[in-house]
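Structure at a glance
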Amino acid sequence: MKIEEIREKVESGGRISESEALYLFNYPDILALGEIARGVKEKKFGKKVFFNRNLHLNLTNVCISNCRFCSYQKKLGEEGSYALSLQEALDLVSQAEKEGITEVHIVNGLHPKLPFDYYLEVVAAIKEKHPHLIIKAFTAVEVDHFSRFSNLSHRKVLEKIWEAGVRFLPGGGAEIFSPRVRTLLGINKIPGDKWIEIHQLAHQMGFKTNATLLYGHFEKAEEIIEHLKFLRAAQDKTGGFVSFIPLKFQPGRTELKKNLSTCVEDLRIFALSRIFLDNFSHIKAYWVTTGLKVAQMALHFGADDVDGTIKKEVIMHAAGSPEKEGLTVEEVVTLIAEAGLEPVERNTFYQPLKNYAA
Ligand code: V47
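This report concerns the structure included in the present document. Source: prediction; values computed, not measured.

**Some words on empty space enclosed by the protein**
- Considering all chains together, one arrives at two cavities of 30 Å³ or more under this definition.
- Roughly 670 Å³ of volume is contained in the largest cavity.
- Lining the largest cavity are 40 residues, with Val-107, Gly-172, Gly-173, Ile-315 and Met-316 sitting closest to its centre.
- Split into classes, the residues belonging to the lining of the largest cavity amount to 17 nonpolar, 15 polar and eight charged.
- Taken together, Asn-52, Asn-54, Glu-103, Lys-136, Phe-168, Asn-210, Lys-284, Asp-307, Arg-346, Thr-348 and Tyr-350 make up the full set of residues lining the second largest cavity.

This is the structure we're talking about:
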């Protein structure tokens, strides 16, 4: 196998195999790997890099799941646990709306008591008060939780959240599909095939969705590639995934591995995702987990998006992310422009709203 052969294959629109992916992932010259990924990104978007003005709204940190990797979760009644009232949620949205957000991103713990209707009410009330805001809400794991809690099928749960005003599901809850690693991470939620099934059902019903990978803990390169393989195959079938987001593990207060993945490992993951996931439009450098510096470099290793202003991120901050809880539009624009690229504000569906390079 030669890197030049793989490069030619990729440049002519060919799809790389798992063994080629492993070869690329381990290829010593990271710049050669990055160059192939950047070529793919530039073919799609030139120098454009997308971002969104958004609010991350986390209605509750109470969670029955007990994943070992998560520092955000609290037990019901535990000190520091919370669940926002409808009014508190609306106030946060109204405040952020004044600052120009176009998206509300909602991801929550799996609360043992809050009824499904509470979540539907929050979404419907946001939509009623701010009809122009796009609501990206509820991971596949939450969809499954609502389904168990309310004794409704996944389809029925998705129908109800559609009716309330959701059109886009976030990519969380996928973690890493490898059963070996899931055991080490203490994941008791729906397995990978169910996560994919829920996304595919959502796609068939008209939702768009994102996908994630939680990396930087116990996984081997082969397990990352396997995760990408499942996502690529799922996307071939339903085509509703919009963005892929590698989430770099933040050890926080967990007892798991304390050292973060290195910058080079992070960049390899971005480059490989861009090359392997030839049917995904967007690869997102989620600056909260990578840090701003690596996110900026990732834009030259295949990523075309930095998520957004975020306003107030809490999940990764509970796990010790040293980054700010949110950025101003100016800070995001500067981050992208300083990398020699063109900042483009987008909405959730990647419709361009403003090109800052113009
Ligand atoms: O599934 C939790 C991850 C996810 C940690 O769709 C952690 O645009 C790293 O859904 N270290 C939820 N990761 C977040 C999520 C998301 C985030 C950004 C963008 C989008 C999108 C979706 O957060 C969970 C889990 O994989 N997570 N704890 C941690 N300590």
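Don't stop here, the text continues.
**Some words on unusual backbone geometry**
- Of note in the backbone geometry, Asp-307 takes a positive phi value of approximately 65° without being a glycine.
- Looking at the secondary structure, you find Asp-307 in strand β9 (residues 305-308).
- Residue class for Asp-307 comes out buried when judged on its relative accessible area of 3%.
- A positive phi angle, close to 70°, is found at Ile-310, a residue other than glycine.
- Relative to the helices and strands, Ile-310 resides in the loop between β9 and α14 (315-318).
- Residue classification places Ile-310 among the buried positions, given a relative accessible area of 0%.

**Remarks on the environment of Arg-68**
- Relative to the helices and strands, Arg-68 resides in the loop between β2 (54-57) and α4 (86-98).
- Each C-alpha atom of the pair Arg-68 and Thr-254 lies 6.6 Å from the other, and the pair is 186 residues apart in sequence.
- Not counting residues within four places of it along the chain, the set of residues in contact with Arg-68 comprises Leu-184, Leu-185, Gly-186, Thr-254 and Leu-256.

**Re the sheet that holds strand β10 (residues 342-346)**
- Taken together, the four strands give an open sheet; going across it, the order is β9-β1-β10-β11, and neighbouring strands pair in mixed fashion. Since the sheet does not close on itself, it has two edges, and those belong to β9 and β11 (352-355), each with one partner. Adjacent strand axes in the sheet meet at a mean angle of 30°, parallel and antiparallel pairs treated alike.
- In this structure, strand β1 (residues 48-52) lies alongside β10, joined through four bridges in parallel fashion. Bridge pairing links Phe-50 to Val-344 in β10.
- The sheet contacts of helix α15 (residues 329-338) involve β1, β9 and β10, and relative to β1 the element is tilted by about 160°.

**Some points on the site of the ligand**
- In the neighbourhood of the ligand, 22 residues make up the surrounding shell, with Gly-171, Gly-173, Glu-175, Gln-250 and Lys-284 lying closest.
- Interatomic distance of 3.1 Å between a backbone N/O atom of Gly-172 and an oxygen atom of the ligand.
- With respect to the ligand, the side chain of Glu-175 contributes an N or O atom lying 2.3 Å from an oxygen atom.
- For the ligand, the protein covers 96% of the area, taking 620 Å² as the surface of the free molecule.
- Those elements that provide at least two residues to the shell around the ligand are β6 (208-215), β7 (241-248) and α14.
- For the shell around the ligand, the element with the most residues is β7, which contributes three residues.

**Thoughts on the side chain of Gln-200**
- Relative to the elements of secondary structure, Gln-200 occurs in helix α9 (residues 192-204).
- Sequence-distant contacts of Gln-200, defined by excluding residues within four places in its chain, comprise Ala-234, Lys-237 and Thr-238.

**Some points on the pairing of β6**
- Of all eight residues in β6, seven are buried, a share of seventy percent or more.
- Sheet topology places strand β5 (residues 168-169) next to β6; two bridges connect them, and they run parallel. When the sheet's bridge partners are listed, Phe-168 is paired in β6 with Lys-208.
- When β6 meets β7, the two strands line up parallel, connected through six bridges. If you follow Thr-212 over to β7, its bridge partner there is Ile-245.
- The handedness of the β6 to β7 crossover, carried by helix α10 (residues 221-238), is right-handed.

What counts and how
Residues numbered from 1 in each chain as written. Predicted model: local features only at pLDDT ≥ 70, side-chain atom pairs only at ≥ 80, totals over all residues. Heavy atoms only, no water. 1 Å grid on protein atoms, 1.4 Å probe; cavity = no way out; pocket = protein on both sides within 12 Å on 5 of 7 lines; lining within 4 Å. Points joined across faces, edges and corners; volume = space filled by probe spheres on them. Nonpolar A, V, L, I, M, F, W, Y, C, P; charged D, E, K, R; others polar. Helix = DSSP H or I, 4+ residues; strand = E, 2+ residues; numbered from the N terminus. Buried < 20%, exposed > 50% of the residue type's maximum accessible area, 1.4 Å probe, protein only. Contact = heavy atoms within 4.5 Å. Pairing = 2+ DSSP bridges. Axes fitted to C-alpha atoms, helices over the stretch in contact; angles between N-to-C directions. Near = heavy atom within 4 Å. Polar contact = N/O pair within 3.5 Å; in protein donor to acceptor, adjacent residues only side chain to side chain. Areas by Shrake-Rupley, 256 points an atom, 1.4 Å probe, with all protein chains shown as cover. Right-handed = clockwise from strand over helix to strand, strands pointing away.

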